[in-house]
Amino acid sequence: MSSTTLYRWSGISLLIGSLVGILGSILDAVLYPNNASPQQALSTSFIIDATLFLAWALLVAMGLPGLYLRQATRAGVQGFAGFVLLLLGVLLGGVAFASAQITFFPYLAQSAPKLYPSGGVGPTFGLLLFIIGPALLIAIGDILLGIATMRAHVFPRWAGILFIVAGVLFLASIPVPAASLTLASNVVFFVALAWSGSQLLRREQETTAVPSLATPVAQTNR
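Residues numbered from 1 in each chain as written. Predicted model: local features only at pLDDT ≥ 70, side-chain atom pairs only at ≥ 80, totals over all residues. Heavy atoms only, no water.

## Here we look at the overall build of the protein chain
Right, so step 1: Each helix and strand in the protein chain was counted, giving 6 helices and 0 strands.
Right, so step 2: Moving toward the C terminus, one meets the helices and strands of the protein chain in the order α-α-α-α-α-α.
Right, so step 3: Taken across its 222 residues, the protein chain has 42% of its residues classed as buried.
Right, so step 4: Across the protein chain, every contact between residues at least 6 apart in sequence was considered, and the portion connecting residues at least 24 apart equals 78%. (Helix = DSSP H or I, 4+ residues; strand = E, 2+ residues; numbered from the N terminus. Buried < 20%, exposed > 50% of the residue type's maximum accessible area, 1.4 Å probe, protein only. Contact = heavy atoms within 4.5 Å.)

## Structural notes on the packing of helix H1 (residues 3-31) against helix H2 (residues 44-69)
Right, so step 1: One way to put it is that H1 packs onto H2 with a least axis distance of 7 Å and a crossing angle of 150°. One element, H1, and the other, H2, form an angle in the roughly antiparallel class. Read as a crossing pair, H1 and H2 show a hand that is left-handed. (Axes fitted to C-alpha atoms, helices over the stretch in contact; angles between N-to-C directions. Parallel < 35°, antiparallel > 145°, perpendicular 65-115°, else oblique. Left-handed = near helix turned anticlockwise from the far one by under 90°.)

## Quick notes on the side chain of Asp142
Right, so step 1: The residue Asp142 is located in helix H4 (residues 124-152) in this model.
Right, so step 2: With no salt bridge to any partner, buried Asp142 finds its closest opposite charge in Arg151, at an N-O distance of 16 Å.
Right, so step 3: Those residues in contact with Asp142, other than ones at most four positions away along the chain, are Leu86, Phe163, Ile164, Ala166, Gly167, Phe170 and Phe189. (Lys, Arg positive; Asp, Glu negative; His and termini not counted. Salt bridge = Lys/Arg side-chain N within 4 Å of Asp/Glu carboxyl O.)

## Focus on the confidence of the model for the protein chain
Right, so step 1: When the pLDDT values of the protein chain are averaged, the result is 84; 84% of them are 70 or greater.
Right, so step 2: Taken together, the stretch residues 120-125 has pLDDT below 50 and engages in 8 contacts with residues farther than four places along the chain or on a different chain.
Right, so step 3: When the criterion is pLDDT under 50, residues 209-222 qualifies, and its contacts beyond four places in sequence or with other chains add up to 0 contacts. (pLDDT = per-residue confidence, 0-100.)

## Section: the environment of Ala57
Right, so step 1: Along the polypeptide, Ala57 turns up in helix H2.
Right, so step 2: It is 9.7 Å that separates the C-alpha atoms of Ala57 and Leu87, two residues lying 30 residues apart in sequence.

## Things to note about the nonpolar core
Generally speaking, a soluble globular protein has its nonpolar side chains buried in company with each other.
Right, so step 1: With 46 residues, the main nonpolar core has Trp56, Leu64, Leu67, Val90, Tyr116, Phe189 and Leu193 as its most contacted residues.
Right, so step 2: Contributions of two or more residues to this core are made by H1, H2, helix H3 (72-111), H4, helix H5 (157-173) and helix H6 (179-220). (Core = buried A, V, L, I, M, F, W, Y, C linked by side-chain atoms within 4.5 Å.)

## Some remarks on the packing of aromatic side chains
Right, so step 1: Taken as a whole, this structure holds 10 aromatic pairs when the rule is applied.
Right, so step 2: Ring plane angle 75° and centroid distance 5.9 Å describe the contact between Tyr32 and Phe46, whose orientation is recorded as edge-to-face. You can see Tyr32 sitting in the loop between H1 and H2 and its partner Phe46 sitting in helix H2, a full 14 residues away along the chain. When sorted by exposure, Tyr32 lands in the same class as Phe46, which is buried. (Phe/Tyr/Trp six-rings, centres within 6.5 Å; stacked < 30°, edge-to-face > 60°.)

## Examining unusual backbone geometry
Right, so step 1: We note that His153 has phi near 60°; this positive angle belongs to a residue other than glycine.
Right, so step 2: Following the sequence through the fold, His153 ends up in the loop between H4 and H5.

## Topic: the packing of H2 against H3
Right, so step 1: Contact geometry for H2 and H3: axes closest at 9 Å, N-to-C directions at 160°. Taken as axis vectors, H2 and H3 run roughly antiparallel relative to one another. Between H2 and H3 lies a crossing whose hand is left-handed.
Right, so step 2: Residues of the contact of H2 with H3, tallied by class, amount to 27 nonpolar, 6 polar and no charged. (Nonpolar A, V, L, I, M, F, W, Y, C, P; charged D, E, K, R; others polar.)

## Thoughts on a nonpolar patch on the surface
Right, so step 1: Taken together, the side chains of Ile26, Val30 and Leu31 define a hydrophobic patch exposed on the protein surface, amounting to about 250 Å² of accessible area.
Right, so step 2: By the secondary structure assignment, Ile26 is in helix H1. (Patch = residues over 30% accessible without salt bridge, like charges linked within 9 Å, V, L, I, M, F, W, Y side chains within 5 Å. Areas by Shrake-Rupley, 256 points an atom, 1.4 Å probe, with all protein chains shown as cover.)

## Quick look at the side chain of Asp49
Right, so step 1: Mapped onto the fold, Asp49 is located in helix H2.
Right, so step 2: On the basis of relative accessible area, Asp49 is assigned to the buried category, the value being 5%.
Right, so step 3: Beyond its immediate sequence surroundings of up to four residues, Asp49 is in contact with Gly24, Leu27, Asp28 and Tyr32.

## Notes on the environment of Met62
Right, so step 1: Structurally, Met62 can be placed in helix H2.
Right, so step 2: Here Met62 falls in the exposed class, since its relative accessible area comes to 51%.
Right, so step 3: Each C-alpha atom of the pair Met62 and Leu6 lies 9.9 Å from the other, and the pair is 56 residues apart in sequence.

The structure is reproduced here in structure tokens:
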């Protein structure tokens, strides 16, 4: 796969994933502000919400490599560390958690509702594995990637600032798991990803436009 194709599909994945993520975050905040109960885990709306969760996580995970590689030579070790932490957080707290919501949570809610806590993530191990751990990974990854993005000067400065703000909000939402704070951190995060995705598409279009403009000139000079 050429770099042009990678950037194009990464940009598309980030844009679509961010839009789905914002929609899913709003739906989650409205329907389950205090997390889903065992009864709610058996509803169709819960499956739809979890499916949106899984969709944006998969799309963002596919788009992040292009976001990093576009500025890899200038982002340095800090950018690579931020990318790795962010990707791990999305895979663990997004893909793995949403998959468990779709498959395991309804089964647990129906077969053993007493083992299904109000938080919907199981005992302490589940809380650390699916909530606190990924939140820390995403928060630190956002901050590191945001700083590296600002220093690399490949994407607009505001994209890096939004990543940093999202990381700080994610950190704040860990000890204070308020629905409004979680929604705010998610929206800022997705806006940063969407902005970066649009820049990937714009730069890919500019790159492909240069040869087409230069070809007639080369033929004229022969």
